[in-house]
Structure formats: structure tokens, C-alpha cells
Amino acid sequence: YVIITINKGRTLNESGRKGKAMYTLLIADDESDERTLIRFLLNDYSQTFHIFEASNGRDALALLTEHHIDVLLSDIQMPFLNGIELVGKVKEINPDIEVLFFSGYDDFSYVKAALSLKAVNYILKPVDPDEFHQLIDEIISRLDSRVLEFSKSNQYIETHFHDITSAVSSQKPE
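The rules behind these values
- Residues numbered from 1 in each chain as written.
- Predicted model: local features only at pLDDT ≥ 70, side-chain atom pairs only at ≥ 80, totals over all residues.
- Heavy atoms only, no water.
- Buried < 20%, exposed > 50% of the residue type's maximum accessible area, 1.4 Å probe, protein only.
- Helix = DSSP H or I, 4+ residues; strand = E, 2+ residues; numbered from the N terminus.
- Arc of directions from axis to C-beta.
- Polar contact = N/O pair within 3.5 Å; in protein donor to acceptor, adjacent residues only side chain to side chain.
- pLDDT = per-residue confidence, 0-100.
- Pairing = 2+ DSSP bridges.
- Salt bridge = Lys/Arg side-chain N within 4 Å of Asp/Glu carboxyl O.
- Phe/Tyr/Trp six-rings, centres within 6.5 Å; stacked < 30°, edge-to-face > 60°.
- Lys NZ or Arg CZ within 6 Å of the ring centre and 35° of its normal.
- Contact = heavy atoms within 4.5 Å.

### Digging into helix H3 (residues 57-66)
- Looking at H3, one finds that the buried residues are Gly57, Ala60, Leu61, Leu63 and Leu64. For H3, the angular spread of the buried residues around the axis is 160°, confining them to a single face. Those residues of H3 that are exposed and angled more than 90 degrees off the buried face are Thr65 and Glu66.
- Measuring from the side-chain oxygen of the N-cap residue of H3 to the backbone nitrogen of arginine 58 gives 3.0 Å; that N-cap residue is asparagine 56.

### Points about the confidence of the model for the protein
- On average, the protein scores 76 in pLDDT, and the residues at 70 or more come to 62%.
- Averaged over each element, pLDDT in the protein is lowest for helix H1 (residues 12-15) (33) and highest for H3 (96).

### Details of the pairing of strand E3 (residues 49-54)
- Where burial is concerned, most of E3 is hidden: 6 out of the 6 residues are buried.
- In this structure, strand E2 (residues 23-28) lies alongside E3, joined through 6 bridges in parallel fashion. Bridging from a neighbouring strand, alanine 28 pairs with alanine 54 of E3.

### Some details on the pattern of salt bridges
- All chains considered together, the criterion is met by 7 salt bridges.
- Notably, a salt bridge pairs lysine 125 with aspartate 29, separated by 2.9 Å at the nearest N-O pair. Pair noted here: lysine 125 is in the loop between strand E6 (121-124) and helix H6 (129-170) and aspartate 29 is in the loop between E2 and helix H2 (32-42), with a separation of 96 residues, a long-range link. Of the two residues examined, lysine 125 and aspartate 29, each falls in the buried class.
- The partner of glutamate 53 in a salt bridge is arginine 39, and the shortest N-O contact between them spans 2.2 Å. Taken together, the positions of glutamate 53 in strand E3 and arginine 39 in helix H2 put the pair 14 residues apart, joining distant regions of the chain.
- One connected set of salt bridges, linked through shared partners, spans Asp29, Glu31, Asp75 and Lys125.

### A short note on the packing of aromatic side chains
- Tallied over the full model, the rule gives 0 aromatic pairs.
- Taking NZ or CZ as reference, arginine 58 lies 3.7 Å from the ring centre of phenylalanine 80, over its face.

### Remarks on unusual backbone geometry
- In this structure, the amide linkage connecting lysine 125 to the following residue, proline 126, adopts the cis form with an omega of -5°.
- A positive phi is found at phenylalanine 80, a non-glycine position, where the angle reads about 75°.
- For phenylalanine 80, a relative accessible area of 58% corresponds to the exposed category.

### Structural notes on helix H4 (residues 83-93)
- Residues Gly83, Ile84, Leu86, Val87, Val90 and Lys91 constitute the buried set of H4. Considered in projection along H4, the buried side chains sweep an arc of 150° and stay on one side of the axis.
- The residue sitting at the N-terminus of H4 and contributing the capping side-chain oxygen is asparagine 82; that oxygen lies 2.9 Å from the backbone nitrogen of isoleucine 84.

### Here's the deal with the environment of asparagine 94
- Residue position: asparagine 94 is located in the loop between H4 and strand E5 (98-103).
- By relative accessible area, asparagine 94 is classed as buried at 13%.
- The spacing of asparagine 94 and aspartate 70 is 24 residues in sequence and 8.8 Å in space, taken between C-alpha atoms.
- When sequence neighbours within four positions are dropped, the list of residues in contact with asparagine 94 reads His68 and Ile69.
- Here isoleucine 69 takes part through its backbone oxygen, which lies 2.9 Å from a polar atom of the side chain of asparagine 94.

The structure is reproduced here in C-alpha cells:
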């Protein structure tokens with residue numbers, strides 16, 4: 001597998017995002033040209049991505065087990081483990097992972113299976129850049145909202161419970 005870091009170095013104001021979280025993304029596709037196209041389309045973003053690539057479902061599952069992945073972009077038909085099986089296993093490990101399927105097969109059974117796994121969407125190959133960018137924007141927005149919500153929760157706990165936690169930690173056992 002291949003690991004690539006993309007960072008255009010934009011400031012928060014330039015990107016228009018509330019925070020500058022780094023997200024991890026895995027492209028799982030057995031077609032090298034498709035992985036290259038997806039990587040190229042991701043270069044258009046001002047956000048920072050840490051990108052992993054896998055050329056089959058088995059390698060993708062290994063990466064998803066070893067690393068926290070925020071977004072999975074997966075082909076449906078891959079050797080060793082197809083995309084539907086892969087996401088079924090991954091959702092057990094990381095139920096909050098954002099999933100976007102892409103496939104050369106216009107088959108409703110695949111779409112139905114993807115929806116049952118709560119995939120973000122299903123894009124037919126060849127990938128339409130405008131549709132892809134729209135879906136990635138939606139995914140990033142959801143991820144940013146989670147980060148912001150987590151930050152607010154931590155801030156609330158710190159603000160409202162700081163005195164309690166400080167008092168408890170400063171007490172010495174008798």
C-alpha cells in the first residue's frame with residue numbers, strides 16, 4: 001500500500017473551515033488509474049488529508065485495523081474482499097467512518113447493500129468530478145461538525161467541572 005500526505009498549507013480563513021483538523025482517508029480500489037484519479041481530485045481541496053491507498057479489500061482491511069481512518073472511498077468489486085464485505089467488517093471496528101462507494105456496475109443490489117451499511121453515497125465510474133467534490137465537501141462538513149462538537153463538550157466539562165476535578169486531585173489520602 002501507499003501513504004501520501006497532501007497539505008496545501010492554507011490558513012483557516014482561506015479554507016473557510018472552523019478548525020483545521022487532519023483527516024485520514026483511505027482509497028481502496030484495485031484499479032491503479034482510479035486511485036490516481038481520486039488522488040488527483042483530492043488535490044483540489046484546501047484541507048489537509050493524510051491519504052492511504054489499498055489495491056484490494058484485504059490490504060484495505062489491514063490499514064483500517066492498524067490506523068484510525070475517518071473516510072473510506074471504496075470500490076465495490078475488489079480482489080480478496082469486496083467493498084460491501086469490507087465496510088461490513090469496518091463498521092464493527094469504526095461505526096462512525098464515513099463511506100463513499102464507487103463502482104463501474106450500475107446494479108441496484110449494490111446500491112441497496114451500500115445504503116444498508118450507511119454509506120454516504122454510491123458513485124458510478126467514471127467518477128464525475130463535480131459530484132465527487134460535492135460529496136467530499138459534505139463529508140468534510142460532517143467531520144468538522146463532529147470535531148467542533150467534541151471541542152465544545154470538552155470545553156464545557158473543563159469550564160463547569162474544573163473546580164471539582166482540581167479539588168479531587170489536590171486532596172491527599174489520609
